[in-house]
Amino acid sequence: MRDKWTSVKPGMGLGPRFARRGAQRGGGAAILSARRPLSSPGRVAVPLALAALVVVPLPGSFSDGAIGMDRQRSQPVSKFLNEPLITGIYTADPSAHVFNRRIFVYPSHDIDAGVKPDDLGSHFAMRDYHVLSMDRIGGKVTDHGIALDIKDVAWAGRQMWAPDAAEKGGRYYLYFPAKDKSDVFRIGVAVAGAPQGPFKAQPAPIDGTYSIDPCVFRDSDGRSYIYFGGIWGGQLQRWSTGSYVAKDVYPADDQPAIRARVARLGDDMMSLAESAREVVLLDEGGGKPLLARDNGRRFFEASWLHKYNGTYYFSYSTGDTHFIMYATGKSPYGPFTVRGRILEPVLGWTNHHSIVEVQGRWYLFYHDAQLSKGQTHLRNVKVTELKYRPDGSIETVDAYRE
Ligand code: FUB
């Protein structure tokens, strides 16, 4: 098994990956980008809400790859499909739920901590979580303030990344990734008596979990499942043996891609009821597992699971190709067959979403970097309606009107 893996991802030595966050869909650029960033002339067009294209200098730290260019489309963006839900703070990675007939959003709270961009995403140096809520889509959004602060998480060292939340028996659980004091990403849980918190963190991460981007799905039978994992800066490639090895190990291009993980949660919602297993993604045509070289479709980060008409939909980000993809299956464990794209690349390197039903309509929560004019670690959350076709497929959203 081991000889099928390579320790360095082909192409990874070309430059700081996370330093290029901001490159796609522009890093301030008004050019759609679905592939690798190309080198920049240093000045690019930046889209402003409902305004014509303008040209501004790029933020210096992203200038190495800061113009995004979609080799198929190469079209300028002039308008945003949706506006940020809030503008007082930067927010990202929105996990949305309906609790007590109110919509709650659990985002990352982006800050500019002054950390130099690097290949590990160190400049995504978030330190707390805020919970947002609204009584309806389009209604006034309330920022409930700090729901959990890293100083109150005994085991955490830095970088509170994308969270999710769940409810059981009138108690609310916030699941969150953070690097521990040894700089290994772990997943913690914190508990509250109200959906907006404040949350009290458990003294240790959830045993058996690791990496980033937890998502918790409660099935109609009351069972809850946690999905997690993310490659590159998310460190999932260091867990191929089941234990943490401080070395990046990636499969060769012709081998199955690294997979997200899933496990059923225990009744306490704070432990695993079983060992985590891999979320298998199958090719729609041949039913074969997606290969590592298939970076237009393979899993990268940002797991989300929802159920529609009895079918389980697993959706995720493809990371370096910047899509939100979805795959469907008959069980919360999968396997899931890849069906298509939910969201095209957005302004900023990362793409991360959630899907929720509100009063019979379905919504896609996502983020881009509109407020910061493309600074990829300073994002803002948005929402747009999601449409299904009669066969259960999802209409792809393009968050920009041209
Ligand atoms: O917000 C930090 C990281 O960026 C998240 O954990 C990833 O999903 C990506 O959005």
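Draft legend 1. Region of the structure containing the nonpolar core. Tyr175, Ile226, Tyr227, Leu281, Phe314, Ile342 and Leu343 are the most contacted members of the largest nonpolar core, which has 65 residues in total. Residues contacting Leu281, with those up to four places away along its chain left out, are Lys288, Pro289, Leu290, Phe299, Phe314, Tyr316, Ala327, Phe336 and Val338. Listed in part, the 21 residues of the second largest apolar core include Tyr106, Ile150, Ala156 and Ala190.

Draft legend 2. Local environment of the sheet that holds strand E19 (residues 281-282). Across the sheet, which stays open at both edges, the five strands sit in the order E19-E23-E22-E21-E20 with mixed pairing between neighbours. In the strand order of this sheet, the two ends are held by E19 and strand E20 (301-308), each with one partner. With five bridges connecting them, strand E22 (residues 324-329) and strand E23 (residues 336-343) associate as antiparallel partners. Its bridge partner being in E23, Ile324 is matched across the sheet by Leu343.

Draft legend 3. Broad picture of unusual backbone geometry. Residue Pro198 is bonded to the preceding Gly197 through a cis peptide linkage, with omega at 5 degrees. Examined against the element boundaries, Pro198 turns out to sit in the loop between strand E12 (185-192) and strand E13 (200-201). Gly334 connects to Pro335 through a cis peptide bond whose omega is 0 degrees. Among the secondary structure elements, Pro335 is positioned in the loop between E22 and E23. In this structure, Gln235 is a non-glycine residue whose phi angle is positive, near 75 degrees. Tracing the chain through its elements places Gln235 in the loop between strand E15 (224-228) and strand E16 (250-251). The class of Gln235 is buried, set by a relative accessible area of 4%. At Ala302, a residue that is not glycine, the phi angle is positive and equals roughly 65 degrees.

Draft legend 4. Representation of the confidence of the model for the protein. On average, residues of the protein carry a pLDDT of 85, and 81% of them reach 70 or more. Here residues 1-75 is modelled with pLDDT under 50, and outside its nearest four sequence neighbours on either side it reaches 225 contacts, counting other chains as well.

Draft legend 5. Looking closely at the sheet that holds E15. Ordered by their spatial adjacency, four strands build an open sheet running E14-E15-E17-E18, and the pairing between neighbours is antiparallel. Looking at the sheet topology across the chains shown, the edges are occupied by strand E14 (215-218) and strand E18 (277-278). The sheet contact formed by E15 and strand E17 (residues 261-264) spans four bridges and is antiparallel. The residue bridging Ile226 from the neighbouring strand is Ala263, located in E17.

Draft legend 6. Representation of the pairing of strand E24 (residues 353-358) within the structure. For E24, a buried count of five out of six residues is recorded, marking the element as mostly surrounded by other parts of the structure. Note that E24 and strand E25 (residues 361-368) share six bridges and pair antiparallel. Following the sheet pairing, Ile355 is matched in E25 by Leu364. Here E24 folds back onto E25 in antiparallel fashion, the turn holding two residues, of which Gln359 has a positive phi close to 50 degrees.

Draft legend 7. Representation of the layout of surface pockets in the model. Looking at the largest pocket, its volume works out to about 570 Å³. Considering the residues around the largest pocket, the lining is formed by 22 residues, among which His97, Val98, Phe217, Arg218 and Val356 are closest to the centre. Each residue belonging to the lining of the largest pocket can be placed in one class, and the counts come to 13 nonpolar, four polar and five charged.

Draft legend 8. Broad picture of the side chain of Asp93. Looking at the secondary structure, you find Asp93 in strand E5 (residues 90-99). Residue classification places Asp93 among the buried residues on the basis of a relative accessible area of 6%. Reaching out from Asp93, the side chain makes a polar contact with the side chain of Ser108 at a distance of 2.6 Å. For Asp93, the side chain forms a polar contact with the side chain of His352, separated by 3.3 Å. Ignoring anything within four residues of it in the chain, the contact list for Asp93 reads Tyr106, Pro107, Ser108, Ala162, Pro163, His352, His367, Arg379 and Val381.

Draft legend 9. Seen up close, the pattern of salt bridges. Enumeration over the complete set of coordinates arrives at 18 salt bridges. Note that Asp152 and Lys151 form a salt bridge whose closest N and O atoms lie 3.5 Å from each other. Overall, Asp152 belongs to the partly exposed group, its relative accessible area being 46%. Ionic contacts of the salt-bridge type, sharing partners, join the residues Asp93, Asp110 and Arg379 into one network.

Draft legend 10. Representation of the packing of aromatic side chains in the model. Taken as a whole and judged by the stated rule, the model has 27 aromatic pairs. For the ring pair Trp161 and Phe185, a centre distance of 4.7 Å and an interplane angle of 45 degrees mean the geometry is tilted. Of this pair, Trp161 sits in the loop between strand E9 (156-158) and strand E10 (164-168) while Phe185 sits in strand E12, placing them 24 residues apart in sequence. Residue classification places Trp161 among the buried positions, given a relative accessible area of 6%. By way of ring pairs, the aromatic residues Tyr227, Phe299, Phe314, Tyr316 and Phe336 are connected into one cluster. Here the basic side chain of Arg277 rests over the ring of Tyr333, its NZ or CZ set 3.6 Å away from the ring centre. Positioned over the ring face of Phe323 is Arg341, at 3.7 Å from the centre of the ring.

Draft legend 11. Quick peek at the pairing of E23. Relative to E23, E19 runs parallel, the two being bridged by two bridges. From the neighbouring strand, Leu281 faces E23, where its bridge partner is Phe336. Here E22 folds back onto E23 in antiparallel fashion, the turn holding six residues, of which Gly334 has a positive phi close to 85 degrees.

The rules behind the values
- Residues numbered from 1 in each chain as written.
- Predicted model: local features only at pLDDT ≥ 70, side-chain atom pairs only at ≥ 80, totals over all residues.
- Heavy atoms only, no water.
- Core = buried A, V, L, I, M, F, W, Y, C linked by side-chain atoms within 4.5 Å.
- Buried < 20%, exposed > 50% of the residue type's maximum accessible area, 1.4 Å probe, protein only.
- Contact = heavy atoms within 4.5 Å.
- Pairing = 2+ DSSP bridges.
- Helix = DSSP H or I, 4+ residues; strand = E, 2+ residues; numbered from the N terminus.
- pLDDT = per-residue confidence, 0-100.
- 1 Å grid on protein atoms, 1.4 Å probe; cavity = no way out; pocket = protein on both sides within 12 Å on 5 of 7 lines; lining within 4 Å.
- Points joined across faces, edges and corners; volume = space filled by probe spheres on them.
- Nonpolar A, V, L, I, M, F, W, Y, C, P; charged D, E, K, R; others polar.
- Polar contact = N/O pair within 3.5 Å; in protein donor to acceptor, adjacent residues only side chain to side chain.
- Salt bridge = Lys/Arg side-chain N within 4 Å of Asp/Glu carboxyl O.
- Phe/Tyr/Trp six-rings, centres within 6.5 Å; stacked < 30°, edge-to-face > 60°.
- Lys NZ or Arg CZ within 6 Å of the ring centre and 35° of its normal.

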